[in-house]
Amino acid sequence: MEERVLYDRKMSKRKSDGEVEAGQKARKKARSVAQDEIPQGSEDETQSMSRQEAPSQSVGEHRSRNRSRARSVSQEEAEVDDSVMDLSQNPGFKVKGDEMAQGGIIEKIHMRNFMCHPKLTITFGPNINFIVGRNGSGKSAVVNALVVGLGGKASSTNRGSKMKGFILTGKQTAEVEIKLRNQGPDAFQPDLYGPSVIVNRKFNNSGSSEYKLKSSDGRVISTKKEELSRLLDQFNIQVENPLAILNQETSKSFLNSKSPNDKYKFFLKATQLEQIKEDYDRANDHKNITTEIINQKVEQMPKLEKEVLTWERKFKSLTAIDDLKVKIKRLNHELAWSLVQEKEKGMEPLARDRRHEEARLPSFKQKVEEAKHQLDDVNARMSAMTARLSKGGEEVKALQPKLQEAKNSYNEQKKVSRNCMMELKRLEGAVKNSKKEKHEIMKRILEIQSSANHDYEAERQARQDKIAALQERLNSLNAQEQTTDHMLDQYRGAVAKYKSDQYKLNQDMQDLQRQMDKKQGNLTSLKAAQGNQLKRFGPFIPDLVTNIEQCFRHGRFHKKPIGPLGSCFTLKEQRWALAVECCLKGLMNSWVCHDYHDEKILEQIVKDVCPQYKISIIVSRFKNDMYDTSAKGADNSQFPSVLDMVQSDDPMVYNTMIDMRTIECVLLIEDGKTARQVMDPSKRPPRNAREAFTKQGDQVYCAPTFRYYSSSQDKARLLTSNVEEDIASLTLEIAGMRQKIEQLRQTRTQFDTDIQENTNLDRKTSTQLMKIREAQRKVTMEITELKNIEDPAPVDVATYEEEVDILDKQIQDNEAQLANKTILYREQEAQLKDLEKVFKQIEQSMKEKIGIADVIKDEVGTILSEVETCKVNKKHYDTKLKELERRIKDINDRMDKYQADIEADIEKAKEIHEERINTRRSSNNIGNEIAQIEKQIKNEEKQRGDPVEITRQYKEKKDAFMKIRKEVHQLKTFCERLDNAVGRRLTRYSEFRRLIALRTKFFFASFLNNRAYTGKMTFNHKDGSLEMIVQPSKSASGESTKDLRSLSGGERSFSTICFILALWGAMDSPFRCLDEFDVFMDMVNRRIAMEMLMGTAKEQQERQFIFLSPLKMCHLGISTQNMRIFEMPTPERGQQTLDD
């Protein structure tokens, strides 16, 4: 079970704060859904409720008088405010996490004459804050100031029932000012309040309070409590939630509470389930009020029905006049609906226009989506290429230390292998010398045995002469070794240098080859365009233009498409060709169609002529006049714009480039330095100038940020005026590049030859050096042997025989060592080969990755061009779609307005006659007939009397009866819908409550496990009780589980902390405040509780935590890094009780 709890806790910590916030938003939505689903009642019911909720006038006047008295008192106390000692501490340092916490956290609180503090200011950090001080220093006053300053009731603090009890003894007014951070996506009216909101509450002895909501610069924005409520709702600040702000009294009452019902009420209030339940209770109250209204109206219906029947009998007694009036009434009905029909006929032209525009809308939306998808695809390719390039760079960077490490390992192993070889040679020489010495001794023994007399002086002189000759040879060998070693270093250095130069040369050759291939492609295009300039824009363009001409002659196009756009204009000054081409980019290859019908025909022609190629098509209704750009165009008094430099006979060429590229706002400036100076935002660039291009094709942005981009293109390709000159220039450049590549290739061949020669010399020199060192060793050994020879003592063969035995033993030892060294040498040589192989592999991998990165760079440049083209297309279609939607909206608005007039006429007609009457008669014809009948009625009334009073009474009684019956039906429907809505919400509420309880039980057990405690929580939602059972570790062996009442003070406090942390996962508030949470804890429980609280605070960097403790930080046993600490001073205390 404990392993499961630990596992679940680890899994729960991995949930992101976004999921927690989503859960909190879901609970807030759950509280409001009940009210959203409650249907609207009748008008009478609404009026009845509003009358019940209206405040009395006398209370408002009383509050007004209290506010005026509070202002006068505050003015009197303002004069002595400067003399009060300021007990504030303002730490001037930033704490890690400032950039993470955003809206709703407390930046600063200021208290004046509040409780025991005459003047106190505390600046809080964004995440963890401690307020420490001895008992009685006024720590809890800070918590009470938070509750009171943010609009909480005095009773919510458990320190008093009236606001005047918080005023410092001897003072008339008190003031609390709280500064809240107002940043991030959930900021409250940031344009009005700024990055901070200051909430000021001032109250006096009379009990009146006033609020001021100020902006970050101190301006008063609002003085209404409703504005503060909206602010708290925006930041989800729950002032009266005991889990958000837990004061001493609430903590102690919970610790000392013996009732499971009190714990359950605390759970409901902390998780806001209590507020949701109150919402549902209010919905039931609405239903009961509605039921009473229904009963009242049902009681009135029989009496009204009887009156209606009485007047109906009188009304039916009328004869001839009634018939005429009935006919007039019928004719009035017909007249009313005749006017409606005449009005409705005026709607048909608007409906036709709307159908026409809406028929074009799907095609526009499709184009927008295609442009968007195309842009997304290109951006995705760009991101992928950028990621590949970045990844390749990182891989090369990562391989460099590996390459150096492999090289160092190889060199070290090479030294070890060489030393092992030298030791092997030494042992072989030692064995050989021992055997030789043994042979000499054996020979000496034979000589001694054969002759006892011998001339040793001559032998001694011969040895001295031989030693002198060998010493000269050794000196010569030492000199040769130094020279040879120096030559070896030179050869190896030369090989390394040649290889490095060869690598750079290969890179230069690859870059030059890519440039030559690109220029070769441009040369091919220019040669193809010699006979037809349209081939610059693609080899198939001439055929496409021919097919378009044929289709236009056959009448398939409404208007002939224009394109490619780059072939439809010329330049006034050819020197700006590269700048204009860099400005227009993909727009040069675009086509322009009059409407979507022409676009579909053009797409079909392109598909037939060149299926594998897709052109960019712009749809814009052709106009005969060029746009007027005098108002929105850039100031071209000093520098021409692109529009000034372009000339064409077709106004649509200008209009298209203005729509798609805003060429009237793009300036042409001679050089980059001047362009930077002119377009610098700090130096007032020309009016309406957004960007500029230099003669070299470089681009300069003025807004929104000042930027400069160099052009990757060195010559104009599509706007060139002299094709033959460009062909000749490109041919020369390509020939020069080929010659340079050939030179580089020859240089590379020379490098290969030099590398091979130096490598061979290195190998030969190494062999020569080895031979020299071997000769040194032999000469040295021979000199040593000669020096070790002594004149023989008196003949004693036994001594020589002992030496032979010693030499035999040395030979055996050296041969054993030689065998071991041979094995070791072979192992070292194998390791050397492996390390050399690894070094070569890493070196080859790095070269391959560098080559791949160069290819990716070229692809990124191509994709950048595609991105610009896609952006231009998307902007065009977005603009056209918005224009079409605006036109449709205008038509809809006119139709809505016209329809509203029609519906108003229909309502008027329905008031006259509910059922629609279709008639072919005009309103004038019907009006004339009504006038004739009214004249006849007047004549009849003179004879029979006027029945108006009877008719009026009958109509009023009948309408009143029908109205009540309709209202009863509506109210019954309202009650049924309300019952269904409340039932559904109660079912969801029960499930929501069960899930929160389950989550709380899980986290409670998980947090208890930090102290090796076990425990559980038992919810009885039916009885409204919460049982908490905790088993400390020390009683795990023999004692049974304990209720909180049987725990010690420290164990109970630790269990309370676990319960609070478990509930924190079910509530969302930008800050949490705990007052003396570690009361009754021993140091072990306090340390573990503090670690749990600090861990929770560090995981939730976007929230603020304020902890109050009577202990100093050194006694809490935690690190004070990245937290803000405020130590309470000893204030002047004079007041006795808060209720006095």
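Placed above this text is the structure.
Note that the structure is predicted; figures quoted are calculated from it, not measured. (Residues numbered from 1 in each chain as written. Predicted model: local features only at pLDDT ≥ 70, side-chain atom pairs only at ≥ 80, totals over all residues. Heavy atoms only, no water.)

Once that is clear, we can look at the overall build of the protein. Helix and strand content of the protein: 26 helices and 22 strands. Within the protein, buried positions represent 43% of all 1140 residues. Across the protein, every contact between residues at least 6 apart in sequence was considered, and the portion connecting residues at least 24 apart equals 79%. Accessible area for the protein stands at about 63100 Å²; split by element, carbon and sulfur atoms hold 49% of it. (Helix = DSSP H or I, 4+ residues; strand = E, 2+ residues; numbered from the N terminus. Buried < 20%, exposed > 50% of the residue type's maximum accessible area, 1.4 Å probe, protein only. Contact = heavy atoms within 4.5 Å. Areas by Shrake-Rupley, 256 points an atom, 1.4 Å probe, with all protein chains shown as cover.)

Counting residues in hydrophobic clusters, the biggest one holds 52 residues, and the most contacted among them are Phe569, Val580, Leu602 and Met657. Taken together, the elements giving at least two residues each to this core come down to α14 (541-553), α15 (577-584), β10 (591-593), α16 (596-609), β11 (617-619), α17 (642-645), α18 (651-661) and β13 (666-669). Residue contributions to this core peak at seven residues, all from α15. Those residues within four positions of methionine 657 in sequence are excluded, and the remaining contacts are Leu565, Phe569, Leu584, Leu587, Val646, Thr662 and Ile663. Judged by nonpolar contacts, the second largest core, of 46 residues, contains Val142, Leu146, Ile178 and Leu180. (Core = buried A, V, L, I, M, F, W, Y, C linked by side-chain atoms within 4.5 Å.)

This part takes up a positive patch on the surface. Judged by side-chain charge, Lys425, Lys432, Lys436 and Lys778 come together as a positively charged surface patch. Positionally, lysine 425 belongs in helix α12 (residues 348-450). (Patch = residues over 30% accessible without salt bridge, like charges linked within 9 Å, V, L, I, M, F, W, Y side chains within 5 Å. Salt bridge = Lys/Arg side-chain N within 4 Å of Asp/Glu carboxyl O. Lys, Arg positive; Asp, Glu negative; His and termini not counted. Charge placed at Lys NZ, Arg CZ, Asp CG, Glu CD.)

Here the focus is the layout of surface pockets. Computed from the structure, the second largest pocket encloses a volume of approximately 2000 Å³. Forming the boundary of the second largest pocket are 48 residues, of which Tyr410, Asn411, Lys414, Lys499 and Lys840 lie nearest the centre. Elements with a contribution of two residues or more to the lining of the second largest pocket: α12, α13 (456-528), α20 (723-788) and α21 (797-912). Sort the elements by how many residues they give to the lining of the second largest pocket and α13 lands first, with 14 residues. Among the residues making up the lining of the second largest pocket, the classes are represented as 16 nonpolar, 13 polar and 19 charged. (1 Å grid on protein atoms, 1.4 Å probe; cavity = no way out; pocket = protein on both sides within 12 Å on 5 of 7 lines; lining within 4 Å. Points joined across faces, edges and corners; volume = space filled by probe spheres on them. Nonpolar A, V, L, I, M, F, W, Y, C, P; charged D, E, K, R; others polar.)

Note on sheets: strands pair through backbone hydrogen bonds, and any given pair is parallel or antiparallel. Taken in spatial order, the six strands of this open sheet run β2-β1-β4-β5-β6-β7, and their pairing is antiparallel. Every interior strand has two partners, whereas the edge strands, β2 (117-123) and β7 (220-222), have only one. The mean inter-strand angle of the sheet, taken between neighbouring strand axes irrespective of direction, is 20°. Of the pairings in the sheet, the one linking strand β1 (residues 106-114) to strand β4 (residues 173-181) comprises six bridges and is antiparallel in character. Looking at the pairing, methionine 111 lines up with valine 176 of β4. (Pairing = 2+ DSSP bridges. Axes fitted to C-alpha atoms, helices over the stretch in contact; angles between N-to-C directions.)

What follows deals with the packing of α14 against α16. Their axes nearest at 10 Å, the elements α14 and α16 cross at an angle of 135°. By the angle class used here, α14 and α16 are oblique. Crossing geometry of α14 relative to α16 is assigned as right-handed. Contacts between α14 and α16 involve Asp543, Leu544, Asn547, Ile548 and Cys551 from the first element and Leu602, Ile605, Val606 and Val609 from the second. Across the contact of α14 with α16, the residue classes break down as seven nonpolar, one polar and one charged. (Parallel < 35°, antiparallel > 145°, perpendicular 65-115°, else oblique. Left-handed = near helix turned anticlockwise from the far one by under 90°.)

As a further point, take helix α19 (residues 672-679). Turning to α19, its buried residues number three or more, namely Gly672, Ala675, Val678 and Met679. Within α19, the buried residues cover an arc of 125° as seen down the axis, which keeps them to one side. Next to the buried residues of α19 lie β13, β14 (691-694), β15 (699-701) and β16 (707-709). Between a side-chain oxygen at the N-terminus of α19 and the backbone nitrogen of lysine 673 the separation is 3.2 Å; the capping residue is aspartate 671. (Arc of directions from axis to C-beta. Polar contact = N/O pair within 3.5 Å; in protein donor to acceptor, adjacent residues only side chain to side chain.)

A few words on the pairing of strand β20 (residues 1071-1075). Each regular strand shows side chains that alternate between the opposite faces of the sheet. Most of β20 sits inside the fold, with five of its five residues counted as buried. Covered by surrounding structure in β20 are Phe1071, Cys1073 and Asp1075 together with Arg1072 and Leu1074, the residues of both alternating faces.

Let us now look at the packing of aromatic side chains. One pair of aromatic rings is described through two measures. These are the centre distance and the angle between the planes. Evaluated as defined, the whole model comprises eight aromatic pairs. Plain terms: the ring middles of phenylalanine 114 and phenylalanine 203 are 6.4 Å apart, the flat faces sit at 80° to each other, and that makes the pair edge-to-face. Of this pair, phenylalanine 114 sits in strand β1 while phenylalanine 203 sits in strand β5 (residues 196-204); the two residues are 89 residues apart in sequence, bridging distant segments of the chain. Considered together, phenylalanine 114 and phenylalanine 203 belong to a single accessibility category, that of buried residues. Here a set of aromatic residues connected by ring pairs shows up, and it is made of Phe114, Phe166 and Phe203. Residue placement shows arginine 676 over the ring face of tyrosine 708; its charged tip is 3.8 Å from the ring centre. (Phe/Tyr/Trp six-rings, centres within 6.5 Å; stacked < 30°, edge-to-face > 60°. Lys NZ or Arg CZ within 6 Å of the ring centre and 35° of its normal.)

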